[in-house]
Amino acid sequence: MAGAPDERGPGPAAGEQLQQQHVGCQVFPERLAQGKPQQGFLSSFFTNNQKCQLMLLQTLETSRSRLNEAQVLYVSLQKQFGERQSDRTCPRKGRGSTSKGWPLECGVPEFGDPYVKLLLDAMKHSGCAVNRERHFSCEDCNGNVSGGFDASVSQIVLCQNNICNQAHMNRVVTHELIHAFDHCRAHVDWFTNVRHLACSEVRAANLSGDCSLLNEIFRLHFGLKRHHQTCVRDRAIRSILAVRNISKEVAQKAVDEVFESCFNDHEPFGRIPHNKTYARYAHRDFQNRDRYYSNI
């Protein structure tokens, strides 16, 4: 896909206003080209890139067959970091043992995110199988952005200096995989058609869990009537402003024009997955649907 150099990267005001936003598609904010920043003595033993790679492995894991790969990486990082599991109190299995906030020194928790599992299956079913080494890149990013989809090379960029924990990584990967799925299944004009970008941003905000009740409570955003729709609309507009040098009014107009049709496009989930339980049900239904069509 041809690039649009004039539009790459958010303006200074947009970057300052974003708080850990998931930026949509390429145009992705300029990747840092000046080399790795200098690190302190202690941080050099456990780099942002190593933590990013480990969290990405955990997010993408879909089977036990590759568990050893993550364990080997974990043990290597633990030795470099110089801490033992017994140095801290770890959650008991089955109680507080979710991936969110799980300390690295407590071992490898349950792998795989149901949102990501479904999207990986859907990408493969659509002829766009995802490869971790080819389609993901952990990099330092400017501003407070968390990630982006670089459509020019079909690659998801994960901002290793801004992704703070496993739950955050899961949300970013899910958000960007929705953009990648749209890129795979449709002729999306990311660079010159803001309505195409708006549609994908609406879908990503709607289906990724960005607007889940729990996330909104943490943001201190509350509402009783059509709050989910309001959240989706607001986050789509903010994501557009982060990657396009356009006015807020133009972004709002683009979102308004596509909102109804794109908000109701739930592929590949078939429903709005408000939480991981809904996502697991959606994944099960997707697998059953796939088996049904393969037997026709």
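For the structure itself, look to the data block above.
None of these values were measured; they are calculated from a predicted model.

Some remarks on helix H9 (residues 227–243)
Note: α-helices contain 3.6 residues per turn, so residues at a spacing of three or four share the same orientation.
Next up, step 1: Here H9 is 17 residues long and its end C-alpha atoms lie 25 Å apart, about the 24 Å a rise of 1.5 Å per residue gives.
Next up, step 2: Across the 17 residues that make up H9, a large majority, 13, are buried.

Topic: the pattern of salt bridges
Next up, step 1: Applying the stated rule across the entire model yields 10 salt bridges.
Next up, step 2: Connected through salt bridges with shared partners, the residues Asp182, Arg185, Arg203 and Asp265 form a single ionic network.

Some points on the environment of valine 188
Next up, step 1: Looking at where valine 188 falls in the secondary structure, it is placed in the loop between helix H6 (166–185) and helix H7 (194–207).
Next up, step 2: Since its relative accessible area comes to 12%, valine 188 is described here as buried.
Next up, step 3: With 12 residues separating them in the primary sequence, valine 188 and serine 200 have C-alpha atoms 8.9 Å apart.

Remarks on the packing of H6 against H7
Next up, step 1: Where H6 meets H7, the closest approach of the two axes is 9 Å, and the angle between their N-to-C directions is 135°. With respect to their mutual orientation, H6 and H7 come out oblique. Considering only the axes of H6 and H7, their crossing is right-handed. Here His175, Ile178, His179, Phe181, Asp182 and Arg185 of H6 lie close against H7, whose contacting residues are Ser200, Glu201, Arg203, Ala204, Ala205 and Leu207.
Next up, step 2: Classifying every residue of the contact of H6 with H7 by side-chain character gives 5 nonpolar, 3 polar and 4 charged.

Regarding empty space enclosed by the protein
Next up, step 1: By the definition in use, this model includes 1 cavity of 30 Å³ or more.
Next up, step 2: For the lining of the largest cavity, the residue count by class is 4 nonpolar, 5 polar and no charged.

Things to note about the environment of glutamate 139
Next up, step 1: Secondary-structure assignment places glutamate 139 in strand E1 (residues 136–139).
Next up, step 2: Given a relative accessible area of 16%, glutamate 139 falls into the buried group.
Next up, step 3: Counting along the chain gives 90 residues from glutamate 139 to asparagine 49, while the straight-line C-alpha distance between them is 7.2 Å.

Some details on the packing of aromatic side chains
Next up, step 1: Within this structure, the stated rule accounts for 3 aromatic pairs.
Next up, step 2: When the centroid spacing of 6.0 Å and the interplanar angle of 70° are considered together, the rings of phenylalanine 149 and tryptophan 190 count as edge-to-face. Highlighted residues: phenylalanine 149 in strand E2 (residues 147–150) and tryptophan 190 in the loop between H6 and H7, separated in sequence by 41 residues.
Next up, step 3: Judged by centre distance (5.1 Å) and plane angle (20°), the rings of phenylalanine 259 and phenylalanine 263 are stacked. Of this pair, phenylalanine 259 and phenylalanine 263 both sit in helix H10 (residues 248–263), 4 residues apart, which is roughly one turn of that helix.
Next up, step 4: According to the relative accessible area criterion, phenylalanine 259 is buried, its value standing at 6%.
Next up, step 5: The class for phenylalanine 263 is buried, based on a relative accessible area of 9%.
Next up, step 6: It is arginine 233 that lies over the ring of phenylalanine 259; its NZ or CZ is 4.1 Å from the centre.

Cut-offs applied
Residues numbered from 1 in each chain as written. Predicted model: local features only at pLDDT ≥ 70, side-chain atom pairs only at ≥ 80, totals over all residues. Heavy atoms only, no water. Helix = DSSP H or I, 4+ residues; strand = E, 2+ residues; numbered from the N terminus. Expected span 1.5 Å × (residues − 1). Buried < 20%, exposed > 50% of the residue type's maximum accessible area, 1.4 Å probe, protein only. Salt bridge = Lys/Arg side-chain N within 4 Å of Asp/Glu carboxyl O. Axes fitted to C-alpha atoms, helices over the stretch in contact; angles between N-to-C directions. Parallel < 35°, antiparallel > 145°, perpendicular 65-115°, else oblique. Left-handed = near helix turned anticlockwise from the far one by under 90°. Contact = heavy atoms within 4.5 Å. Nonpolar A, V, L, I, M, F, W, Y, C, P; charged D, E, K, R; others polar. 1 Å grid on protein atoms, 1.4 Å probe; cavity = no way out; pocket = protein on both sides within 12 Å on 5 of 7 lines; lining within 4 Å. Points joined across faces, edges and corners; volume = space filled by probe spheres on them. Phe/Tyr/Trp six-rings, centres within 6.5 Å; stacked < 30°, edge-to-face > 60°. Lys NZ or Arg CZ within 6 Å of the ring centre and 35° of its normal.

Keep in mind these numbers describe shape, not what the thing actually does.
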